[in-house]
Each structure stands twice: as C-alpha cells, then as structure tokens.
Amino acid sequence: MVLGLAYQPTSQPDVNKLQGTQPILATMRVWINPVIDRHPEGSQIGVSQEEDDSPVYFGPNGLPPADFVRSAMAQVLSAYAVPVAADSNSHTHVLQLEMSQFWTVEDNTYMATIGGALVLADRGGNILWKGQIAGNGKRWGKTFVAINYLQVLSDAALDFSTKLALDPGFRAAMNVGG
C-alpha cells in the first residue's frame, strides 16, 4: 500500500487542557524549522501484520512524513495558544524536531507512534528547552484500509503536538527571550 499522507485526525485539540497552563506572551512567535526525518525505515511507514506483513509506504500524492508532522504541529500548537510564526523572519523562537519514529503497525488494531527530540532556541541560537516526545494513536478499523492508516498517524501527530504544546517547560521557555 502507498499512502498520500494528509493530516486527518479523528478528534481536535481540547482547549480545556489549557486550564492551569502558563500563558505565552502574544509577542512571542515560534518558527518551526523543517523537520529532520531520521525514522530508520525510510519510505516505509508501517506494516500490516493482518496482511502477511505487507509494507505500507508514503507516496507522491501526499506529504513526506517530515512535512506531515510539521504541518500538524503548526495547527495544534496554534490551537493551544502557542503563537506560530508565519515565516522565518517574524519569529522570536525556533523549534527543531529530529524525528526518530514514524511507524504504524496494523494487528487487530491500528497503532501508530511518532517521536523524536525537540530543541527550542531563541533567535540568537541559545537553547531554552530540550525534550523527547512520543505521540501515539490507536484505532479499530477494517483490515488494510488507507484511511485507517491516515487517521491513526494523524492521531499520533495530534498526541505528539499536544504533549509539546502543554509541556510546562516548553511553555515557560516560550516566554524567555524575544
């Protein structure tokens, strides 16, 4: 199977989770650098154990995994009141993700994991925060169906980005510098 990756989560960010989190100053803006994709499987992004270990690849009719995750991060961070810079000239902070996991296994359920190391720096390159995050998605669905793969990967990207957006250390670091 070859998937055209497009962000299609089965739920949306829950802004009620912002209760009790540190607000981020409206003057701050984070630029999300292009994601460095180091997931070891290359163009393969999953496997169907239900279909005799049939591989799943990403294809040309969608985003590569790095752009898929970057796009999801921009949407989810904005939803959780993390101001995202529209271009690389108007930012106060730079976020870099080195992605080490982008994988789906279809067994009796679809399970996806997206993970990696993140670094937040100010405009001058001073590191303000570092972290490792893994996002997960899990869903039921008919065997070897493209939309199920897209949704479980999207749910993993949503979980990954939500964990980042709500991380107290990340939110505090976004208020430093500028």
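For the structure, check the block above.
Residues numbered from 1 in each chain as written. Predicted model: local features only at pLDDT ≥ 70, side-chain atom pairs only at ≥ 80, totals over all residues. Heavy atoms only, no water.

(A) Structural view of a negative patch on the surface. On the surface, a cluster of negative charge is made up of Glu50, Glu51, Asp52, Asp53 and Asp107. Looking at the element boundaries, Asp107 is found in the loop between β6 (93-106) and β7 (110-122). A relative accessible area of 34% means that Asp107 is categorised as partly exposed. (Patch = residues over 30% accessible without salt bridge, like charges linked within 9 Å, V, L, I, M, F, W, Y side chains within 5 Å. Areas by Shrake-Rupley, 256 points an atom, 1.4 Å probe, with all protein chains shown as cover. Salt bridge = Lys/Arg side-chain N within 4 Å of Asp/Glu carboxyl O. Lys, Arg positive; Asp, Glu negative; His and termini not counted. Charge placed at Lys NZ, Arg CZ, Asp CG, Glu CD. Helix = DSSP H or I, 4+ residues; strand = E, 2+ residues; numbered from the N terminus. Buried < 20%, exposed > 50% of the residue type's maximum accessible area, 1.4 Å probe, protein only.)

(B) Local environment of the pairing of strand β8 (residues 127-139). Here twelve bridges tie β7 to β8, and the two strands are oriented antiparallel to one another. Note on β8: the bridge partner recorded for Gly115 is Ala134. Taken together, β7 and the strand that follows it, β8, pair antiparallel across an intervening segment of four residues, in which Gly125 is found at a positive phi of about 90°. (Pairing = 2+ DSSP bridges.)

(C) Examining the packing of aromatic side chains more closely. One pass over the full model with this rule turns up five aromatic pairs. Ring geometry for Tyr110 versus Tyr149: centroids 4.9 Å apart, planes at 90°, classification edge-to-face. Here the residue Tyr110 occupies a position in strand β7, and Tyr149 occupies one in helix α2 (residues 146-166), the gap between them amounting to 39 residues. Note on accessibility: Tyr110 and Tyr149 belong to one class, buried. The interplanar angle of 85° and the centroid separation of 6.4 Å between the aromatic rings of Phe144 and Tyr149 together place this pair among those described as edge-to-face. Joined through ring pairs, the aromatic side chains of Tyr7, Phe68 and Phe102 make up one cluster. It is Arg70 that lies over the ring of Trp31; its NZ or CZ is 4.9 Å from the centre. (Phe/Tyr/Trp six-rings, centres within 6.5 Å; stacked < 30°, edge-to-face > 60°. Lys NZ or Arg CZ within 6 Å of the ring centre and 35° of its normal.)

(D) Spatial organisation of the environment of Lys138. Along the chain, the position of Lys138 falls in strand β8. It is 9.7 Å that separates the C-alpha atoms of Lys138 and Val105, two residues lying 33 residues apart in sequence. Those residues in contact with Lys138, other than ones at most four positions away along the chain, are Thr109, Tyr110, Met111 and Val152. (Contact = heavy atoms within 4.5 Å.)

(E) A look at α2. Its 21 residues give α2 an end-to-end C-alpha distance of 30 Å, which sits within 8% of 30 Å, the value for a rise of 1.5 Å per residue. The buried count for α2 comes to 16 of 21 residues, which makes it a mostly enclosed element. (Expected span 1.5 Å × (residues − 1).)

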